[in-house]
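# Survey of secondary and tertiary structure
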Amino acid sequence: MEASYSEAIKAYTRVGDDAKAASIEKTLASFQESAYTVVYLHDLDPAKVAVQYKEHFDKRKDVQIDEVEFPKSIGLHPPGNADPASVSFQLDGSWVRFKSSVGIMSPNGNHKLGSPLVFDVVCDGKVVWSSKPVKDFEQLQSVDIPIQKVQSLSIHVRHTGSDHYAHAVWLSPRLIR
């Protein structure tokens, strides 16, 4: 059953219907929570937070993007320079998967994103996943990667030119074993 959900998520992502993929991913996550141990990064104490201003790191209870609600999300705003905003977590090597969706929260009013954002997952110092450049508010992408034996996991977000309205969010990032 899990393989069917995963294939549906991949199919919707391929055709660009990231909202539908995220909705199916949320349903799958509910199923997995009953069968596996799931821990949200939101509930862990970070080993390190690298942001320009402390309010640029925000643990959010619930985030709604494109009519899909995501619990326990993490907001990050990249700094004005070329450095990414990042949050790192020390793990014990016992987790098998990392899953999340990523996107940019739409501000109130008529605003334009300064430049596309790129989200990265870094495991033990190596980039293991990067999003396609996210160019629009509420455009979602999903990540589902193996993390067996990983001791350190970091989530990053960086801009490709301007940090204007770069309200990036990691949607329900979680570890599974």
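Here's a quick rundown of the structure. For clarity, every value in this text was computed on a predicted model and none was experimentally measured. (Residues numbered from 1 in each chain as written. Predicted model: local features only at pLDDT ≥ 70, side-chain atom pairs only at ≥ 80, totals over all residues. Heavy atoms only, no water.)

### Notes on the packing of aromatic side chains
The final tally for this structure, using the stated rule, is three aromatic pairs. Pairing Phe-98 with Trp-170 gives two aromatic rings, centres 6.3 Å apart and planes at 55 degrees, and the pair type is tilted. Here the residue Phe-98 occupies a position in strand E6 (residues 97-104), and Trp-170 occupies one in strand E11 (residues 168-176), the gap between them amounting to 72 residues. Where Phe-119 meets Trp-170, the ring centres are 5.5 Å apart and the plane angle is 80 degrees; that geometry is what we call edge-to-face. Within this pair, whereas Phe-119 is found in strand E7 (residues 117-123), its partner Trp-170 is found in strand E11, the two being separated by 51 residues in sequence. For Trp-170, a relative accessible area of 0% translates into the label buried. For the cation-ring pair, Arg-177 lies above Trp-95, with the distance from its terminal atom to the ring centre recorded as 3.9 Å. (Phe/Tyr/Trp six-rings, centres within 6.5 Å; stacked < 30°, edge-to-face > 60°. Helix = DSSP H or I, 4+ residues; strand = E, 2+ residues; numbered from the N terminus. Buried < 20%, exposed > 50% of the residue type's maximum accessible area, 1.4 Å probe, protein only. Lys NZ or Arg CZ within 6 Å of the ring centre and 35° of its normal.)

### Here's the deal with the pairing of strand E8 (residues 126-130)
When E7 meets E8, the two strands line up antiparallel, connected through four bridges. Bridge pairing links Val-121 to Trp-129 in E8. Between the end of E7 and the start of E8, which pair antiparallel, lie two residues, with Asp-124 showing a positive phi angle near 50 degrees. (Pairing = 2+ DSSP bridges.)

### Notes on the layout of surface pockets
Taken as a whole, the largest pocket holds about 420 Å³ of empty space. What lines the largest pocket is a set of 21 residues, and nearest its centre among them are Ile-9, Thr-13, Gln-141, Ser-142 and Val-143. (1 Å grid on protein atoms, 1.4 Å probe; cavity = no way out; pocket = protein on both sides within 12 Å on 5 of 7 lines; lining within 4 Å. Points joined across faces, edges and corners; volume = space filled by probe spheres on them.)

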